[in-house]
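Residue-level structural notes
Each chain, letter by letter, is given below.
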There are 2 protein chains.
Amino acid sequence: MENNIADTASLAGQHCTACRKGTPPAAPEEIASLLARLPDWQVVEEDGIARLERVFVFSNFAQALSFTIRVGKLAEQAGHHPAILTEWGRVRVSWWTHIIGGLHRNDFIMAARTDRALAE
Amino acid sequence: MENNIADTASLAGQHCTACRKGTPPAAPEEIASLLARLPDWQVVEEDGIARLERVFVFSNFAQALSFTIRVGKLAEQAGHHPAILTEWGRVRVSWWTHIIGGLHRNDFIMAARTDRALAE
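Every chain's residues receive numbers from 1 upward, in the order its sequence appears when written. By the order in which they are written, chains take letters starting at A while ligands take numbers starting at 1. Residues qualify for local features only when their pLDDT is at least 70, as the model is predicted, and side-chain atom pairs are given and counted only at 80 or more; totals for whole chains, interfaces and linings, by contrast, use all residues. Note that water and hydrogens are dropped before the side-chain values are worked out from all heavy atoms of the structure.

With respect to topology, 8 strands assemble into an open sheet ordered β1(A)-β2(A)-β4(A)-β3(A)-β3(B)-β4(B)-β2(B)-β1(B), the strand pairing being antiparallel. Strand pairing shows two members of the sheet lacking a second neighbour, β1 (42-46) of chain A together with β1 (42-46) of chain B, which therefore form its edges. Each strand of the sheet is rotated relative to its neighbour by a mean of 30 degrees, with strand direction disregarded. By definition, two strands form a pair when at least two bridges between them are found by DSSP. Only DSSP runs of H or I with at least four residues qualify as helices, and only runs of E with at least two residues qualify as strands; both kinds are numbered from the N terminus onward. With 5 bridges joining them, strand β3 (residues 83-87) of chain B and strand β4 (residues 90-95) of chain B adopt antiparallel strand pairing. Directly across from I84 of chain B, in β4 of chain B, lies its bridge partner V93 of chain B. Note on contacts: a residue pair is in contact if any heavy atoms of the two residues lie within 4.5 Å. Note on geometry: axes are C-alpha line fits, over the in-contact stretch for helices, and angles between N-to-C directions span 0 to 180 degrees. Across the face of the sheet, helix α4 (residues 105-119) of chain B comes into contact with β2 (49-57) and β4 of chain B while running at roughly 5 degrees to β2 of chain B.

Right under this line is the structure:
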């Protein structure tokens, strides 16, 4: 568990690189290796696009909304934006790279930062 | 159009009534009549549960997040909570009454208040 925490922190501290149309999505081996460092996240496909998703559970709506705001702020800081579904006691965060229509290393970095925002 | 605005305002000003398990969902005729007063909303079914949904479009992520926060605040004030999907330039708000597993007049009142929050 401690290894996981250290690993997530090191991933969260990495820089997002600029993506252009034509930048290749992460290769399956890279996805598998990055996913191993984010045990609470899973890759799900929606409308044919792979997304990195995690559901966070809270005790009420106010806590869920407060987390949504925190994730929104870190998204704005990075210039990379997720889909955030806010409900009573529950927030689902989905990261993917719109311009490449799939997953990039950046999405895993943002997922690690989302985990860090939960801990803060 | 003016009629619609006045009508939405009058719906938004109504009080939500307490719902209990066993409170019947809105009848189809009531749903049709309330929906006529909310031209930008539609009833969609998800997991067998009818929801009242509208997608709001914005120019960027910050505006979308700001609207999410406003809708969250009015939900907290009413003690009735929607699902809010926040994305870059887009917020989808879904209202339904969890305890009755469907739509109640309250959901239409909250939808009207959501429209009002957009105008504010």
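Moving on, we get to the interface of chain B and chain A. Facing the 19 residues of chain B at the interface are 19 residues of chain A. The term buried area means the drop in 1.4 Å probe accessible area that two parts suffer when joined, counted for both and summed. With both chains or domains summed, chain B and chain A bury close to 1400 Å², and 71% of this area falls on carbon and sulfur atoms. By definition, a salt bridge exists where a carboxyl oxygen of Asp or Glu is found within 4 Å of a side-chain nitrogen of Lys or Arg. Counting across the interface, chain B meets chain A through 0 salt bridges. Elements with a minimum of two residues in the side of chain B that touches chain A: α3 (61-78) and β3 of chain B. Per-element accounting of the side of chain B that touches chain A gives the leading share, 9 residues, to α3 of chain B. Taken together, the residues of the side of chain B that touches chain A sort by class into 11 nonpolar, 4 polar and 4 charged. All amino acids are sorted into three groups, where Ala, Val, Leu, Ile, Met, Phe, Trp, Tyr, Cys and Pro are nonpolar, Asp, Glu, Lys and Arg are charged, and the leftover types, Gly among them, are polar.

Once that is clear, we can look at the packing of aromatic side chains. Residue and element names in this part refer to chain A. Planes of paired rings set the category: under 30 degrees apart is stacked, over 60 is edge-to-face and the rest tilted, where pairs are Phe, Tyr or Trp rings (Trp by its six-membered ring) whose centres lie within 6.5 Å. Per the stated rule, a full pass over the model turns up 6 aromatic pairs over all chains. When the ring of F56 is compared with that of F67, the centres are 4.7 Å apart and the planes differ by 50 degrees; the resulting orientation is tilted. Separated by 11 residues along the polypeptide, F56 in strand β2 (residues 49-57) and F67 in helix α3 (residues 61-78) bring together distant segments of the chain. Taken together, the aromatic side chains of W41, F56, F58 and F67 make up a single cluster linked through ring pairs. In this arrangement the basic side chain of R51 is found over the ring face of W96, its NZ or CZ atom lying 3.8 Å from the centre. Any Lys NZ or Arg CZ that is within 6 Å of a ring centre and within 35 degrees of that ring's normal is treated as a charge sitting over the ring.

Our focus in this paragraph is the pattern of salt bridges. Considering all chains together, one arrives at 12 salt bridges over all chains under this definition. Its salt-bridge partner being R54 of chain A, residue D40 of chain A comes within 3.6 Å of it at the nearest N-O pair. Placement of the pair is D40 of chain A in the loop between α2 (28-35) and β1 and R54 of chain A in strand β2, with a sequence separation of 14 residues. Between R54 of chain B and D115 of chain B there is a salt bridge whose closest N-O contact spans 2.6 Å. With R54 of chain B in strand β2 and D115 of chain B in helix α4, this residue pair connects regions lying 61 residues apart in the sequence.

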